[in-house]
Every structure is written in structure tokens, then in C-alpha cells.
Amino acid sequence: MTVTRASAPLATQGAAQAITATGLRKSYGDQAVLDGIDLAVPAGSVFALLGPNGAGKTTVVKILSTLISPGAGSGEIRVGGHDPAVDPQAVRAAIGVTGQFSAVDGLITGEENMLLMADLHHLPRREGRRVAAELLERFDLVEAARKPAAGYSGGMKRRLDIAMTLVGSPRIIFLDEPTTGLDPRSRHTMWGIIRELVSGGVTVFLTTQYLEEADELADRIAVLNDGRIAAEGSAEQLKRIVPGGHVKLRFTDPDAYRSAASALREVTRDDEALSLRIPSDGSQRELRSLLDWLDSAGIEADELTVHTPDLDDVFFALTDSGAPARNNQPKEAVR
């Protein structure tokens, strides 16, 4: 199957970019981990980087956040308008990083973790206490603030982790698989926190293995495979490049079913169920055209269902995961 790269929406073309990378490369010996990838992350948005284990997602985060150097001849990078190779301190002043593994010190309290972070940012003592108190309240950690962090639940530790990241008021935040291991309720709480950050103008660079998470949060998604960007676009754009989308019409009137089946082209019939399956990308234009045709022909379907590929389908189509076909059916939206 040939997959084409989704083009950038007009809304993001020419927008202020918080992060850009052109021809980004990284090798360890003879092994190329990143093989010339291009990224453009608009300010005040959520950008999600998807990919199988070992695809290079964490390497991208480490390079952009100055944790590792890409090396000579590795492309051009700008984070917050600064080149990490030339002025890493300026980049660090503009960003916050929450990695896969919590930076919380379990031997001290949540409040002490926050104050330690304030000291690392060289905030005056009074200012540090004020910022720590505000963030503990914002992340609903006031009651647990003076308890050892070792006793926190996974969701509480993750909230504290992000609160610590925000002590320096970063405008760009890297979240490397921030909800791994969290239960569904804690994951949804984290999504709300991320949405709140973005509404305040923060740019979020997110890596995740939860495709639903990228679908829920990201304005733009890039799929990284074998060190290269396999495709990039909005969630809806990516879903449309995978075949399998269709509209299903179901009838209770056999005459209406037969009339529609004889008139429509490229239709798959199910005579027993009185249903027709019509290839479609699920776009508003195609649905309107179909509905207009049904109206003009005086044919009324009892049910119209839109079946569209989801990000799981996109992931399996674009990566070398070798994953078997899933048993569950494509998501449906009933109109």
C-alpha cells in the first residue's frame, strides 16, 4: 500500500513555530536512529509523536530538550527560537520536560519536591513558596502536600511531576509518554491538565503509545517509523489516508433497497440484511452528495452509518510493527 503524507492545514502554515527541525539525524555508531526528519510545531498547540518501541521518539525529545547532542551534520533545530547546539541555556530556560519516569523524590513530601524545584530555578524563597502553593492547589495536591511522595498514587505522582515542571513557567513542555501506567480516570485527569496548559498558550510536545490520547489531544500528529516520519497531519487527515472507510445504508423496505442497489455504483450488497456498503472517506462533501442523491431519487434509508479508520488502523498501516489485524470493528458514527 502506498501512503502519502498529509499536507499541513492552512491554519498552521505560516503560524509562529515553537519548535522546528529540518533534516534531524542521530546515529549511534553505524545505527541510524533518526534519518533526516522534519518537524514544525506551532506555538500554543499539542503536537503528538507516535511510533512503535525503538522508533526514536524519546531520542527526538532528548535532542530537542538539550539532554543529548545530535552531533555534527545533524540538521537545523530551533526550540523557542534558539539553536540547542549554540545556546542550550536559552532553550532550557524556555522549556520543561516530564520524562517517561517520574522525577519525584519519594523520600520527601510533595511540597518539598516543589520547593526543591523552585531552588533549582533560583527563585527567591518567598516567590518559590508562592509558586509552589499555587501549583499544588492547581493540581489538587494540597491535602497530600505534606505527606511523603512515596505514598502517592500513580496519578498523583504524575500530577506532581508536571507541577514541578511548571515551576519555571515554561512556554514549551515535552511530555514523554506522560500517562503510561495510569488508570483510565487518572489518564483523563491528565488530559484535562494538558488542555488547560494549552489554553494558557503553552506548547506541548507529546509522545505517547496511547493512540486514543493523540486523537483526543493533538492538533498535529506525526508517525515515526524506522527513524523517519511516515506521515503527518491532523488526526482526521491521517485517518483518511488509510483505506477501508465506507458508508453503510440499511433499509427495511425491500423495494427501496433494490432501487438504491441498482442505482448506486461501487456498492457492496447484503441482500439478507438489506444493507449497502459504499466506499467513502467520510468527508462532509461525500456525505452531502449521497444524501442529496437519495433525496432526489425519493429513496429513504432507515439508517446511515459512517465507518472511518481510526488511529490504530493508521498506526498499523504506517509502521513496521507486524501487528496482527485487530478483532474489533472500525469506529462508527451513526447519523
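What comes next is a walk through the structure.

### Details of a negative patch on the surface
Now for step 1: A cluster of acidic residues, Asp 253, Asp 292, Asp 295, Glu 300 and Asp 302, forms a negative patch at the surface.
Now for step 2: Residue class for Glu 300 comes out exposed when judged on its relative accessible area of 66%.

### Considering the nonpolar core
Now for step 1: Formed by 51 residues in total, the largest nonpolar core has its most connected members in Met 114, Leu 160 and Ile 221.
Now for step 2: Sorting elements by how many residues they give to this core places helix H6 (residues 184-199) first, with six residues.
Now for step 3: Non-local contacts of Leu 160, meaning those with residues more than four positions away in its chain, are made with Val 104, Gly 110, Asn 113, Met 114, Leu 136, Leu 141, Ala 149 and Tyr 152.
Now for step 4: Membership of the second largest hydrophobic core comes to 27 residues, among which are Val 33, Phe 47, Val 61 and Ile 229.

### What about the pairing of strand E8 (residues 220-225)?
Regular strands place side chains that alternate from one sheet face to the opposite one.
Now for step 1: Buried residues dominate E8, accounting for six of its six residues.
Now for step 2: Of the two faces of E8, the one holding Arg 220, Ala 222 and Leu 224 and the one holding Ile 221, Val 223 and Asn 225 are both buried throughout.
Now for step 3: Here four bridges tie strand E3 (residues 46-50) to E8, and the two strands are oriented parallel to one another. Opposite Leu 50, over in E8, you have Val 223 as the bridge partner.
Now for step 4: The pairing of E8 with strand E9 (residues 228-233) spans five bridges and is classified as antiparallel. From the neighbouring strand, Leu 224 faces E9, where its bridge partner is Ile 229.
Now for step 5: Counting the residues between successive antiparallel strands, the hairpin from E8 to E9 contains two residues, one of them, Asp 226, with a positive phi of roughly 55°.

### Here's the deal with the sheet that holds strand E1 (residues 17-28)
Now for step 1: Strands sit in the order E2-E1-E4 across an open sheet of three strands; the sheet is antiparallel. If you trace the sheet from one side to the other, it starts and ends with strand E2 (31-42) and strand E4 (76-79), each paired once. Sheet twist, expressed as the average angle between the axes of neighbouring strands with direction ignored, equals 20°.
Now for step 2: Bridging between E1 and E2 involves nine bridges; their strand directions are antiparallel. What sits directly across from Leu 24, in E2, is Ile 37.
Now for step 3: Seen against the sheet, helix H1 (residues 57-64) touches E1, E2 and E4 and runs at an angle of roughly 65° to E2.

### Quick word on the sheet that holds strand E6 (residues 172-176)
Neighbouring strands of a sheet are bound in pairs by backbone hydrogen bonds; such pairs are parallel or else antiparallel.
Now for step 1: The six strands are arranged E5-E6-E7-E3-E8-E9 in an open sheet whose pairing can be described as mixed. One side of each edge strand has no neighbouring strand; the edge strands of this open sheet are strand E5 (95-98) and E9. Recorded for the sheet is a direction-independent mean angle of 15° between the axes of neighbouring strands.
Now for step 2: Looking at chain direction, E5 and E6 are connected through four bridges and run parallel. Paired with Thr 98 across the strands is Leu 175, a residue of E6.

### Considerations on unusual backbone geometry
Negative phi values dominate among residues other than glycine, just as trans dominates among peptide bonds.
Now for step 1: For Asp 140, which is not a glycine, the phi torsion comes out positive at approximately 55°.
Now for step 2: Looking at the element boundaries, Asp 140 is found in the loop between helix H4 (125-138) and helix H5 (154-165).
Now for step 3: A positive phi angle, close to 55°, is found at Asp 226, a residue other than glycine.
Now for step 4: For Asp 226, the location among the structural elements is in the loop between E8 and E9.
Now for step 5: Given a relative accessible area of 60%, Asp 226 falls into the exposed group.

What counts and what doesn't
- Residues numbered from 1 in each chain as written.
- Predicted model: local features only at pLDDT ≥ 70, side-chain atom pairs only at ≥ 80, totals over all residues.
- Heavy atoms only, no water.
- Patch = residues over 30% accessible without salt bridge, like charges linked within 9 Å, V, L, I, M, F, W, Y side chains within 5 Å.
- Areas by Shrake-Rupley, 256 points an atom, 1.4 Å probe, with all protein chains shown as cover.
- Salt bridge = Lys/Arg side-chain N within 4 Å of Asp/Glu carboxyl O.
- Lys, Arg positive; Asp, Glu negative; His and termini not counted.
- Charge placed at Lys NZ, Arg CZ, Asp CG, Glu CD.
- Buried < 20%, exposed > 50% of the residue type's maximum accessible area, 1.4 Å probe, protein only.
- Core = buried A, V, L, I, M, F, W, Y, C linked by side-chain atoms within 4.5 Å.
- Helix = DSSP H or I, 4+ residues; strand = E, 2+ residues; numbered from the N terminus.
- Contact = heavy atoms within 4.5 Å.
- Pairing = 2+ DSSP bridges.
- Axes fitted to C-alpha atoms, helices over the stretch in contact; angles between N-to-C directions.

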